[in-house]
Amino acid sequence: MSRILPPANGPFVPGCSDIMLDYEKNGLFFRLYYPTDAPKDAELHSKKRYHWIPTDINTLLGYSKVLKIPFYILRLVFWWNGNPLVPVLYGEKVKTIENMKCLVFSHGLGGHRDIYSKICYDLASHGFLVACLEHRDKSCAYTYYYESKENVLNDKRTHVEFQHVPFGGDHLKIRKEQIKVRSTECLQLIDTFKKINDGIVPKNILDDIPENKNNEFRLKDLVGKIDVDNFTVIGHSFGAATALATTPKTPNVKQCIALDPWMYPIKDDNLDQKIDKPLLFINTQTFHIKTNVNAMTKFITKDKLEMYTIRQTTHENQTDSPLIVGYWLNIFMKKLDPVEAININNALIIKFLHKYIGLPNNIEKYEEILTISKKNFEEGLTKAWC
């Protein structure tokens, strides 16, 4: 029997679907997580669950390039640990709720639209729409697009591969250019949801893929159901920097959640002076060097800022990676159980959203998680690791 990632904590069974808009590189590609009407525990037996490691070999080749390790070693690691199922129903019909709140998720450097699934499907199980972008600025482990409908039907992909950028020289300039692309994609996605809510529904070109013909998810089901005046942007690492950069650019974004933000690309942008919205920083213990902490320190005086550090954790803890292959960073450090770490992380997110959005209505379960685990996280400015 296949292993399965930890189930969602909310009342709804989560679903997801991949959405690609337009036959060009400048179009959007994202995975949308959402609540469904599927009966409880369907995620434990449904054939709509999917394996975490994609069948497309290009994604694993991309991770191999990001990590700078031979592809065969990566294959061996995943073979040894197995390919767990994700407790999410792919292509299931969305459960529509009035004024659905949407979170736009930006992945980190070398990330992917499915590497943060535990965070995303936990939120979806509480009724949120969570759109996890796959950025096309060459910071994604691997992504692609189709240049025509014919290419979709034949699954002829145009590849966008990960690009390493060496330190020194134009490094900062290139990262700032990538932030600009990433932020533009976040804003495009917000505009797309606004149009969908108004009844202007774009075509999901992936619906033309023969294997998707039985998918029940349709964007048109969201017409009139999205709260377009209250978006939250969220991101991890480079994605957290993207979220912070995007927040002041539109009044439709009301909150920002930064997971282990990599502050280097935005350190000189004076965002602490431009953002007057609620901010949540959730940091791991070992990621933040002194310069990164100094950049975050500028935000400490903000009235609506919360910052937490989860003890005995590493940068990977806010991805699915430790749940699948275990820890691989800071090998000799004593680590927090990865399930407890992600539960703390998600409880802090839920508590923050409840405070500023009012959803979910009942957070008693998460307050209990935080009470039980209070020795494993602390509030306040994160301490520099080195």
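Residues numbered from 1 in each chain as written. Predicted model: local features only at pLDDT ≥ 70, side-chain atom pairs only at ≥ 80, totals over all residues. Heavy atoms only, no water.

(A) A look at the pattern of salt bridges. Enumeration over the complete set of coordinates arrives at 22 salt bridges. Here Lys355 makes a salt bridge to Glu306, at a shortest N to O gap of 3.3 Å. Of this pair, Lys355 sits in helix 10 (residues 338–357) while Glu306 sits in strand 13 (residues 305–310), and the two are 49 residues apart along the sequence. Among the residues examined, Glu306 registers a relative accessible area of 11% and is labelled buried. The salt bridge partner of Arg311 is Glu378, with a shortest N-O separation of 3.5 Å. Taken together, the residues Arg311 in the loop between strand 13 and helix 9 (321–325) and Glu378 in strand 14 (residues 377–379) connect sequence positions 67 residues apart. Using a relative accessible area of 25% as the deciding quantity, one classes Glu378 as partly exposed. Salt bridges sharing partners connect three or more residues here, namely Asp18, Arg31, Arg113 and Glu134. (Salt bridge = Lys/Arg side-chain N within 4 Å of Asp/Glu carboxyl O. Helix = DSSP H or I, 4+ residues; strand = E, 2+ residues; numbered from the N terminus. Buried < 20%, exposed > 50% of the residue type's maximum accessible area, 1.4 Å probe, protein only.)

(B) The packing of aromatic side chains, seen in detail. A complete count under the given rule lists 13 aromatic pairs for this structure. With centroids separated by 5.6 Å and ring planes inclined at 80°, the aromatic side chains of Tyr144 and Tyr146 adopt a geometry described as edge-to-face. In this pair, the class of Tyr144 matches that of Tyr146, namely buried. Residues Trp262 and Tyr264 carry aromatic rings whose centres are separated by 5.8 Å and whose planes lie at 25° to one another, so their mutual orientation is stacked. (Phe/Tyr/Trp six-rings, centres within 6.5 Å; stacked < 30°, edge-to-face > 60°.)

(C) Just the environment of Cys386, in detail. Its place among the elements puts Cys386 in the segment after strand 14. On the accessibility criterion, Cys386 (63% relative accessible area) is exposed. Separated by 252 residues in sequence, Cys386 and Glu134 place their C-alpha atoms 31 Å apart. Filtering out sequence-adjacent residues up to four positions away, Cys386 remains in contact with His288, Ile289 and Lys290. (Contact = heavy atoms within 4.5 Å.)

(D) Summary view of unusual backbone geometry. Between Leu359 and the following residue, Pro360, the backbone shows a cis peptide bond with an omega angle of -10°. We note that Lys138 has phi near 75°; this positive angle belongs to a residue other than glycine. Tracing the chain through its elements places Lys138 in the loop between strand 7 (129–133) and strand 8 (142–145). Residue class for Lys138 comes out partly exposed when judged on its relative accessible area of 36%. For Ser237, which is not glycine, the phi dihedral falls at a positive 60°. Structurally, the position occupied by Ser237 is in the loop between strand 10 (226–236) and helix 6 (238–246). On the basis of relative accessible area, Ser237 is assigned to the buried category, the value being 8%.

(E) Geometry of the packing of helix 5 (residues 171–197) against helix 6. Two numbers describe how helix 5 lies on helix 6: the axes approach to 9 Å, and their chain directions differ by 65°. The crossing of helix 5 and helix 6 is right-handed. Within the contact between the two elements, helix 5 uses Arg175, Gln178, Ile179, Arg182, Ser183, Cys186 and Leu187 and helix 6 uses Phe238, Gly239, Ala241, Thr242, Ala245 and Thr246. Here the contact of helix 5 with helix 6 is built from residues that sort into six nonpolar, five polar and two charged. (Axes fitted to C-alpha atoms, helices over the stretch in contact; angles between N-to-C directions. Left-handed = near helix turned anticlockwise from the far one by under 90°. Nonpolar A, V, L, I, M, F, W, Y, C, P; charged D, E, K, R; others polar.)

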